[in-house]
Amino acid sequence: MNKKILLTGFDAFGGASLNPSWLAVKELHGRQILGHTVVAAQLPTVFDASLKELNALLKQHRPALVVCVGQAGGRKAISLERVAINVNDAPIADNAGGQPVDTPVKPGAPAAHFTSLPIKAMLTALQTEGIAVEVSQTAGTFVCNHVFYGLMHELATRRALKHTRGGFVHVPWLPEQGTPSMPLEDIVRGLRLALRCAMQVEKDATLGAGATN
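Remember, predicted model here, so these are calculated numbers, not experimental data.

> Give a description of the overall build of the chain that names residues and reports values.
Regarding its fold elements, the chain presents five helices and eleven strands. Against the 2.2 N^0.38 benchmark of 17 Å for 213 residues, the chain shows a C-alpha radius of gyration of 16 Å, consistent with a compact globule. With respect to the three principal axes, the spread of C-alpha positions in the chain is 45 × 40 × 35 Å. The buried share of the chain, taken over its 213 residues, is 50%. Summarising the internal contacts of the chain: among those between residues at least 6 apart in sequence, 78% fall at separations of at least 24. Carbon and sulfur atoms form 51% of the exposed surface of the chain, whose accessible area is close to 9,500 Å². With 20 positive and 16 negative side-chain charges, the chain shows a spacing of 11 Å between the two charge centroids.

This is the structure:
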């Protein structure tokens, strides 16, 4: 197995000048985690183009682990996403002006894919270090979910990636973007701990982290 961890973030969107997902991800580029090298890459906040770029990266690196990271303004914790759904329903236009409504990410594919990351173990690992973290039941219906679903579908169907684990993590705004927020150094530390946990834990922990709404 290739000893690489693929970590992706997005470019700025919606009129913003920065995206904390990319700023955090690039801080980890080249780091060694349990004998694996982190490869950081930026995806465009564009439907279809983001998945084309991700698929090219998967083919190039054949990583042991893939974690895609996106920004979720309004959230106060690092969000470990549980499930990706097969729908695009954009509340705003992407960076190419596209705004699909009620279209599938992958026509004819399953309605949803679950993460293959040990999100409950990751939750505990970050909580132990005092980092605000939660398990999230939805990655939205914008480009983040589009990439999350596309990633999990590739991992589920591409033979060359059958041993690769992957999932999606949302991070809050930075303080300069508004509130709630999280300092960049805490986001970077949280992602590093999450990656280490994902590489160490094969069978996820069983603990309550659901939601009532």
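> Break down the environment of leucine 191 for me, with residues and values.
With respect to the helices and strands, leucine 191 occurs in helix α5 (residues 184-200). For leucine 191, a relative accessible area of 3% gives the class buried. Apart from the residues within four sequence positions on either side, leucine 191 is in contact with Ala24, Leu28, Val69 and Val169.

> Hey, could you go over the nonpolar core for me, with residue numbers and the actual values?
Ranked by size, the top nonpolar core spans 37 residues in total, and within it Leu7, Val67, Ile78, Leu80 and Leu195 carry the most contacts. In terms of residue count, α5 provides more of this core than any other element does, eight residues in total. If near-sequence neighbours (up to four positions away) are discounted, leucine 80 is found in contact with Ile119, Met122, Leu123, Val133, Glu134, Val135, Ser136, Phe168 and Val169. With 29 residues, the next largest nonpolar core counts Leu51, Phe142, Cys144 and Phe168 among its residues.

> Give a detailed account of the packing of aromatic side chains, specifying residues and quantitative values.
Going through the model one piece at a time under the given rule, you end up with three aromatic pairs. Where phenylalanine 47 meets phenylalanine 142, the ring centres are 5.6 Å apart and the plane angle is 85°; that geometry is what we call edge-to-face. Of this pair, phenylalanine 47 sits in the loop between β3 (36-43) and α2 (49-61) while phenylalanine 142 sits in the loop between β10 (133-136) and α4 (143-157), and the two are 95 residues apart along the sequence. No difference in accessibility class separates phenylalanine 47 from phenylalanine 142, as the two residues are buried. Ring geometry for phenylalanine 148 versus phenylalanine 168: centroids 5.8 Å apart, planes at 35°, classification tilted.

> Pulling in residues and values, what's your account of the environment of glycine 190?
For glycine 190, the position within the fold is in helix α5. Residue glycine 190 is classed as buried on the basis of its relative accessible area, which comes to 1%. Sequence separation between glycine 190 and isoleucine 78 is 112 residues, and the spatial gap between their C-alpha atoms is 7.6 Å. For glycine 190, the contacting residues outside a window of four places in its chain are Ile78, Leu126 and Ile131.

> Can you explain the pattern of salt bridges? Please cite residues and give values.
This structure, assessed with the given rule, holds three salt bridges. The salt bridge partner of arginine 75 is glutamate 81, with a shortest N-O separation of 2.8 Å. Its relative accessible area of 0% is what places glutamate 81 among the buried residues.

> Before we move on, can you summarise the packing of α2 against α4 with the specific residues and values?
The N-to-C vectors of α2 and α4 enclose an angle of 35°; their axes lie 10 Å apart at closest approach. For the pair α2 and α4, the crossing hand works out as right-handed. Here Ser50, Leu51, Leu54, Asn55 and Leu58 of α2 come into contact with α4, specifically with Val143, His146, Val147, Gly150, Leu151 and Glu154.

> Describe the sheet that holds strand β4 (residues 65-71), listing the residues and the values that go with them.
Across the sheet, seven strands lie side by side as β2-β3-β1-β4-β11-β5-β10; this open sheet has mixed pairing. Looking at the sheet topology across the chains shown, the edges are occupied by β2 (32-33) and β10. In terms of strand pairing, β4 meets strand β11 (residues 165-171) through seven bridges, oriented parallel. Opposite glycine 70, over in β11, you have histidine 170 as the bridge partner. Across the face of the sheet, α4 comes into contact with β1 (4-10), β3, β4, β5 (78-81) and β11 while running at roughly 170° to β11.

Reading the values: rules and limits
- By convention here, each chain's residues receive numbers from 1 onward along its written sequence.
- pLDDT decides what is reported in this predicted model: residues at 70 or higher carry local features, side-chain atom pairs at 80 or more are listed and counted, and totals for whole chains, interfaces and linings draw on all residues regardless.
- For the side-chain quantities, the full set of heavy atoms in the structure was used; hydrogens and water were omitted.
- Helix numbering and strand numbering both begin at the N terminus, where a helix is a DSSP run of H or I of at least 4 residues and a strand a DSSP run of E of at least 2.
- Within these notes, the globule rule equals 2.2 Å times the number of residues to the 0.38 power, and the radius of gyration is based on C-alpha atoms.
- Think of it in three bands: residues with accessible area under 20% of the maximum for their type are buried, residues over 50% are exposed, and the middle band is partly exposed, with areas taken using a 1.4 Å probe on protein chains only.
- We call two residues in contact when some of their heavy atoms are within 4.5 Å.
- Throughout, the Shrake-Rupley method with a 1.4 Å probe supplies accessible areas, and for residues the shown protein chains are the sole cover considered.
- When charges are counted, Lys and Arg are positive and Asp and Glu negative, with His and the chain ends excluded.
- Each charge is placed at NZ for Lys, CZ for Arg, CG for Asp and CD for Glu.
- Nonpolar core, defined: a set of buried Ala, Val, Leu, Ile, Met, Phe, Trp, Tyr and Cys residues in which side-chain atoms within 4.5 Å join the residues together.
- Two rings from Phe, Tyr or Trp (for Trp, the six-membered ring) form a pair when their centres are within 6.5 Å of each other. A pair whose planes differ by under 30 degrees is stacked, one over 60 is edge-to-face, and the rest are tilted.
- What makes a salt bridge here is a side-chain nitrogen of Lys or Arg within 4 Å of a carboxyl oxygen of Asp or Glu, nothing more.
- A fitted line through C-alpha atoms represents every axis, and for helices the fit uses only the stretch in contact; the resulting angles, taken between N-to-C directions, go from 0 to 180 degrees.
- Take the far helix as your reference; a near helix turned counterclockwise from it by less than a right angle gives a left-handed crossing, and one turned clockwise gives a right-handed crossing.
- Between any two strands, at least two bridges found by DSSP are needed for them to pair.

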